[in-house]
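What follows is the residue order along each chain.
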Amino acid sequence: MKMTLILFCLMFLSSCLQEKEKIIFEREVLNSLPFSSQLLKLSPKVNRDSEILRPPNTWINLVETISLNENGENVFHCLFYKVTGKEEGVIRYITHNQSCFENYQDGSLTDLKKVTEFKFWIPVFDKKIFGKLLKRGYLYLIGKRDGTSFSIEIPLFNIGLKSNWKRFSNNLSDNIFKGVFVSKSLKPSSRRANQTLGKIADNYRDKKIEVCHEFARDCTETMSFRCDKCRYGWYSAIGVSTCPGQYIRFCGVNRCGERGQPACPRGIESARKMEIDNAMLCYDGSPLGFCRRGLKTVCDGRTLICL
Amino acid sequence: MMNKRIIFTILFAILLSGVGGYFLYGKAKLDQDVRINAEYRKLYSAIEVFQKIWTEGELSGLESHLKDCPSSLKLSREKKKCSREILHCLSKNQEFKRKYINLEIKRPLVSKANSQSPINFSSALELELSYGGTSLVLHLEYGCHKAFLPHRIYTLEDSNSRKYSWWDNIGRNLFIDKTLVKNGDILDWLKADSDLKGGDEIFKLIVNSDESLPAVGLSQKEMVRYCAFRGEQLMDTVLFDAASMHPGDLNSNQMRFPLRSMWPWDYKKKIGTIYNYRNKKIKEVTLKECNQVFSRECLEIEKAKDREGTHTWTGIRSVLGGSLEYFRNPVYPKKNLKASSHLYNLDSPWHELGKRAWWDGTGFHIQNFNFRFADPPESVKKFDVAFRCYKEERS
């Protein structure tokens, strides 16, 4: 009788602890992962109809994102899954002040143990599967623990999907909630160095300009796109790349067409229509840019400008 | 035997109290975790409500919470979108806050020029939501009133090569303000742009004006700065013509021959309100004509309140009639002003797309303008010049 009572108490304790583990896991995840501003890496095992079974007993990385904490510091978030093998699987959530995608052991760890039949989803459009509706832009951790199904739904508020603009489209970001970004309240004391580029008076002619995207003649990207860091906007101009659509981009106020400033881009389709050979885009007199009346396009070795 | 029983009982009691104590402590912590989870879930579900209010102008079921701002409810659906006034009104309504969530507008304008942390948007309104002990910050983008310029070939007024030439935006994503910058937008900017010199003068100019009217009285430099503060560019004539002149075949992105339509409603010349009025097919300017082009006659028509006129094929407005509007003209800098406005009667030659006057950008008296072939009435001593912005987005 006593043994039965002790066993009963132990089982009850065990199930309470399990439930507690799930609550704590959810709390940790809900407290920070939804505020991710960028999805850095994503496993190819995402969005599969069947559970993740291979390789057994192995930690696999699912996703890495980045966000800011209340102090304005970068925080990396990672989700790992130890695939069921000899033991049941484990979902691990990590936050760290550096990239965690290759390392499942460092940082602040929170585990959800005894997971089986695990599936990991981030649907790009609403999908009915596994007996539930999975909403676009949300991250889902789906599986079973002790025979009971669970589904943890985590909104990824700030991770936008690729926009497909057409006539009458506006430019609200295509996040889960269009046009809405969600973050934690920043502590008033947290100050970050201004990481934006450019000043209001910057201009090409005075050689005070920030380039924010650039390609070489052979079409290799010599500077990756960073125009989202421009303090006062950005604009496109004709660079030296020989590939269509590869503009050079500058931070700041667009003064295209003026003397000494970049020429205004005409567009490759229009140049073709004018029956111009587009093999070399940046050369003196190139029609790929247009200027103020009386000025001509000149290639200064980096940009097509107006002189 | 008795001793063994006593020892076992004592050990069991110690174990039980240890477990009990752990449980009680753990339960309190767990209760807190459960509460926090619930607070987050509540906040997350409120976000959807705000998103619908902001981006869709969806106010059904909220009318009673806007009773202190009756003008908000009279706005068109389009104008209810991205409306700071509506959010401001809700943030003052205690009933709304009790029913949904506590909210406070922290900053009406946040952009890369004044944000203290990296942001992924160009400009937004900053709102704080709180429930229980948990709070979140929402940034609601100012993007509702921008129109995408479709990828296609357009005609460029460019006499460097021929009378007209071509340009295209294929591979570039350009978004144009559908309407003019408003006084309310300028007030938000003045609060946000702490480095601006001369902001006080602008503030005095517009502080008592209707926030929903086009902002006038700014110099060219100030207009450029306003757009730049929001991460945008001052409108130019090339884009304005592309977005307002009818391109002919809307199903194609090509143009077989250079087309610079006179009117926004059609590429044909002998069609529409102005042509009909000039050719006496319309005898009188009424509200119907004013809804297309707000000309001088419309100032006398009481019901003609909306000065923005017809929509073009891309959805922008205020392309004929209404306010004078300044643009940057990269090809012809001396043709930088849309003169088609309420200064001129409907039969004026100014009421055509592509016809532009000149403004020197600094003053607002007749000597600062050149209206070329048709001067405004002599009774007009001071001129109000409005403007708008555009933005390029990455794919």
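These figures come from a predicted structure and were not determined experimentally.

(A) Region of the structure containing the confidence of the model for chain A. Model confidence for chain A is summarised by a mean pLDDT of 88, while 90% of its residues fall at 70 or above. Within chain A, the element-level pLDDT minimum falls on helix 1 (residues 2-32) of chain A, averaging 74, and the maximum on strand 14 (residues 248-251) of chain A, averaging 98.

(B) Region of the structure containing the interface of chain B and chain A. At the interface, 67 residues of chain B touch 59 residues of chain A. It is helix 1 (residues 2-56) of chain B that contributes the most residues to the side of chain B that touches chain A, 13 residues altogether. Among the residues forming the side of chain B that touches chain A, the class breakdown is 32 nonpolar, 20 polar and 15 charged. Alignment of strand 10 (residues 180-183) of chain A against strand 3 (residues 134-141) of chain B, held across 4 bridges, turns out to be antiparallel. For Val182(A), the partnering residue across the bridge sits in strand 3 of chain B and is Leu138(B).

(C) The arrangement of the sheet that holds strand 11 (residues 356-359) of chain B in detail. Residue and element names in this part refer to chain B. Ordered in space as 12-11-10-9-13, the 5 strands form an open sheet in which the pairing is mixed. With one partner strand each, in any of the chains shown, strand 12 (369-370) and strand 13 (385-386) form the two edges of the open sheet. Both strand 11 and strand 12 contribute to a ladder of 2 bridges, which runs antiparallel. Of the residues in strand 12, the one forming a bridge with tryptophan 359 is phenylalanine 369.

(D) A look at the environment of Asn74(A). Residues and elements named next belong to chain A. Here asparagine 74 lies in strand 3 (residues 74-82). According to the C-beta neighbour criterion, asparagine 74 is partly exposed, with 14 such atoms within 10 Å. A C-alpha to C-alpha distance of 33 Å links asparagine 74 and glycine 245, two positions 171 residues apart in sequence. In this structure, asparagine 74 is in contact with Ile66, Leu68 and Asn97, ignoring residues within four places of it in sequence.

(E) Structural detail: the pairing of strand 9 (residues 148-155) of chain A. Direction of pairing for strand 8 (residues 138-145) of chain A relative to strand 9 of chain A: antiparallel, over a ladder of 8 bridges. Residue Leu141(A) lies in a different strand from strand 9 of chain A, and its bridge partner there is Ile152(A).

(F) Here's a closer look at helix 9 (residues 237-244) of chain B. Burial analysis of helix 9 of chain B places 8 of its 8 residues in the buried class, which makes it a mostly covered element. Those residues of helix 9 of chain B that fall on the buried side of the exposure criterion are Thr237(B), Val238(B), Leu239(B), Phe240(B), Asp241(B), Ala242(B), Ala243(B) and Ser244(B).

(G) Spotlight on the pairing of strand 11 of chain B. Two elements, strand 10 (residues 337-338) of chain B and strand 11 of chain B, share 2 bridges in a ladder whose sense is antiparallel. Across the sheet, Lys338(B) pairs through a bridge with Arg356(B), a residue of strand 11 of chain B.

Scoring rules and cut-offs
- Residues numbered from 1 in each chain as written.
- Chains lettered and ligands numbered in written order.
- Predicted model: local features only at pLDDT ≥ 70, side-chain atom pairs only at ≥ 80, totals over all residues.
- pLDDT = per-residue confidence, 0-100.
- Helix = DSSP H or I, 4+ residues; strand = E, 2+ residues; numbered from the N terminus.
- Contact = placed C-beta atoms within 7 Å.
- Nonpolar A, V, L, I, M, F, W, Y, C, P; charged D, E, K, R; others polar.
- Pairing = 2+ DSSP bridges.
- Buried ≥ 20, exposed ≤ 12 C-beta atoms within 10 Å, placed from the backbone.

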